[in-house]
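# Commentary on secondary and tertiary structure
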Amino acid sequence: MNKRVYNKTFGKIFRTLGFLLILVSSIYFGARLVLEYNTLPLMNFLTPFADFIDSIIGIDFIQKYAFLMLLVGLTFVVWAIRRGIIFRVLLTFLLLVMSVYAMVADIVYMTWLPISVPIWWASILDFATPLIDQLFALHGAVEPAIVLLVPILLWIIFRNKKPGRLSIFMMRMGSVAMALAIIMVVVATDFFTDLQGLDIYVTIYLMAYIFTYLFYIVGSVFGIIGMTKP
């Protein structure tokens, strides 16, 4: 069976827009992580770059929509490069859950940062929050399982992309880094809480998050450059 996916004009526009949204949000989140945790080891080397980036894109609109940009961008890319419907629908559902969860949580596993959202999402929040609460109340492992499934499914989808693209390979590496970061966070918050007091441990998983966005940035740039490719 031929599993190769070639995008026509509409698919190319859809895919390129997804890469653009991922690029902007990844630059923002990468810079914010450095600035939020600039007292940890190694962060002082990255702070000047983060300050410069934040001065350019740290506007109110980007702050409110960055997380939604990331989720929508990933969804666009996934739907553009994947043929099968099951993984696309499942990942879209998980990303939707994450977008709602981002509004009610103080901090989000996918970014490990507080999330701002636009006011107009309040009506969606009022409807969806009870459903999300019931889902997470089923078992204590539901929440970390869902957030860990996101990078795992992204990795599977990016790995199976045919024909291969450097942009998709970078996105796959970013998903590996995100999975590593989430696993380390879950271990520290739910199992071995003493690890939260170790600066070196915190620095390692924060660097994993930063590498997530670095890979996403590079992948998005190549994806935008290759917008004319099928």
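Residues numbered from 1 in each chain as written. Predicted model: local features only at pLDDT ≥ 70, side-chain atom pairs only at ≥ 80, totals over all residues. Heavy atoms only, no water.

### Looking at the overall build of the protein chain
- What the protein chain contains, in helices and strands, is eight helices and zero strands.
- Of the regular secondary structure in the protein chain, the N- to C-terminal order runs α-α-α-α-α-α-α-α.
- When contacts within the protein chain are restricted to residue pairs at least 6 apart in sequence, long-range pairs at least 24 apart make up 77% of them.
- Of the roughly 11,600 Å² of accessible surface on the protein chain, 71% is carried by carbon and sulfur atoms. (Helix = DSSP H or I, 4+ residues; strand = E, 2+ residues; numbered from the N terminus. Contact = heavy atoms within 4.5 Å. Areas by Shrake-Rupley, 256 points an atom, 1.4 Å probe, with all protein chains shown as cover.)

### Quick word on the packing of aromatic side chains
- Inspection of every chain in the model, using the stated rule, returns nine aromatic pairs.
- Relative to Tyr 65, the ring of Phe 61 lies with its centre 4.7 Å away and its plane at 25°, an arrangement referred to as stacked. Of this pair, Phe 61 and Tyr 65 both sit in helix 3 (residues 60–81), four residues apart, which is roughly one turn of the helix.
- Residues Tyr 213 and Tyr 216 carry aromatic rings whose centres are separated by 6.4 Å and whose planes lie at 80° to one another, so their mutual orientation is edge-to-face. Placement of both Tyr 213 and Tyr 216 in helix 8 (residues 199–225) is noted, with a separation of three residues, approximately one turn of the helix. Like Tyr 216, Tyr 213 is buried.
- These aromatic residues form a ring-pair network of at least three members: Tyr 28, Phe 29, Phe 67, Tyr 213 and Tyr 216. (Phe/Tyr/Trp six-rings, centres within 6.5 Å; stacked < 30°, edge-to-face > 60°. Buried < 20%, exposed > 50% of the residue type's maximum accessible area, 1.4 Å probe, protein only.)

### Looking at the pattern of salt bridges
- Under the definition given, this model contains one salt bridge.
- Ionic pairing is found between Glu 36 and Arg 32, a salt bridge with its closest N-O pair at 3.8 Å. On the criterion of helical spacing, the pair formed by Glu 36 and Arg 32 is a turn pair, its members being four residues apart in helix 1 (residues 9–36).
- In this structure Glu 36 comes out as partly exposed when scored by relative accessible area, which is 40%.
- We classify Arg 32 as partly exposed; its relative accessible area is 23%. (Salt bridge = Lys/Arg side-chain N within 4 Å of Asp/Glu carboxyl O.)

### Observations concerning helix 3
- Over its 22 residues, helix 3 runs 32 Å from end to end, which matches the ideal 32 Å to within 8%, given 1.5 Å per residue.
- Most pronounced at Ala 66, the bend in helix 3 amounts to some 50°. (Expected span 1.5 Å × (residues − 1). Bend = angle between axes of the 7 residues up to and from the residue.)

### Some words on the side chain of Thr 212
- When you line up the elements, Thr 212 lands in helix 8.
- Assessed through its relative accessible area of 1%, Thr 212 is described here as buried.
- A polar contact is formed between the side chain of Thr 212 and the backbone nitrogen of Met 178, at a distance of 3.0 Å.
- Among residues more than four places away in sequence, those in contact with Thr 212 are Gly 174, Ala 177 and Met 178. (Polar contact = N/O pair within 3.5 Å; in protein donor to acceptor, adjacent residues only side chain to side chain.)

### Overview of helix 2 (residues 43–57)
- Here helix 2 is 15 residues long and its end C-alpha atoms lie 20 Å apart, about the 21 Å a rise of 1.5 Å per residue gives.
- The largest bend in helix 2 is about 30°, located at Phe 49.

### Things to note about the layout of surface pockets
- In this structure, the largest pocket occupies an estimated 240 Å³ of space.
- Contributing to the lining of the largest pocket are 13 residues, with Gly 30, Val 34, Ile 53, Ile 210 and Leu 214 lying nearest its centre.
- For the lining of the largest pocket, the elements supplying multiple residues, two or more each, are helix 1, helix 2 and helix 8.
- Residues of the lining of the largest pocket, tallied by class, amount to twelve nonpolar, one polar and no charged. (1 Å grid on protein atoms, 1.4 Å probe; cavity = no way out; pocket = protein on both sides within 12 Å on 5 of 7 lines; lining within 4 Å. Points joined across faces, edges and corners; volume = space filled by probe spheres on them. Nonpolar A, V, L, I, M, F, W, Y, C, P; charged D, E, K, R; others polar.)

### Comments concerning the packing of helix 7 (residues 166–191) against helix 8
- At their nearest, the axes of helix 7 and helix 8 sit 8 Å apart, and the two run at 160° to each other. Comparing their axes, helix 8 and helix 7 come out roughly antiparallel. You can see that helix 7 and helix 8 cross each other, and the crossing is left-handed.
- Taken together, the residues of the contact of helix 7 with helix 8 break down into 23 nonpolar, seven polar and no charged. (Axes fitted to C-alpha atoms, helices over the stretch in contact; angles between N-to-C directions. Parallel < 35°, antiparallel > 145°, perpendicular 65-115°, else oblique. Left-handed = near helix turned anticlockwise from the far one by under 90°.)

### Side note on the confidence of the model for the protein chain
- Here the protein chain averages 81 in pLDDT, and 88% of its residues register 70 or above.
- The element-level mean pLDDT for the protein chain is lowest in helix 5 (residues 122–137), coming to 74, with helix 8 highest at 91. (pLDDT = per-residue confidence, 0-100.)

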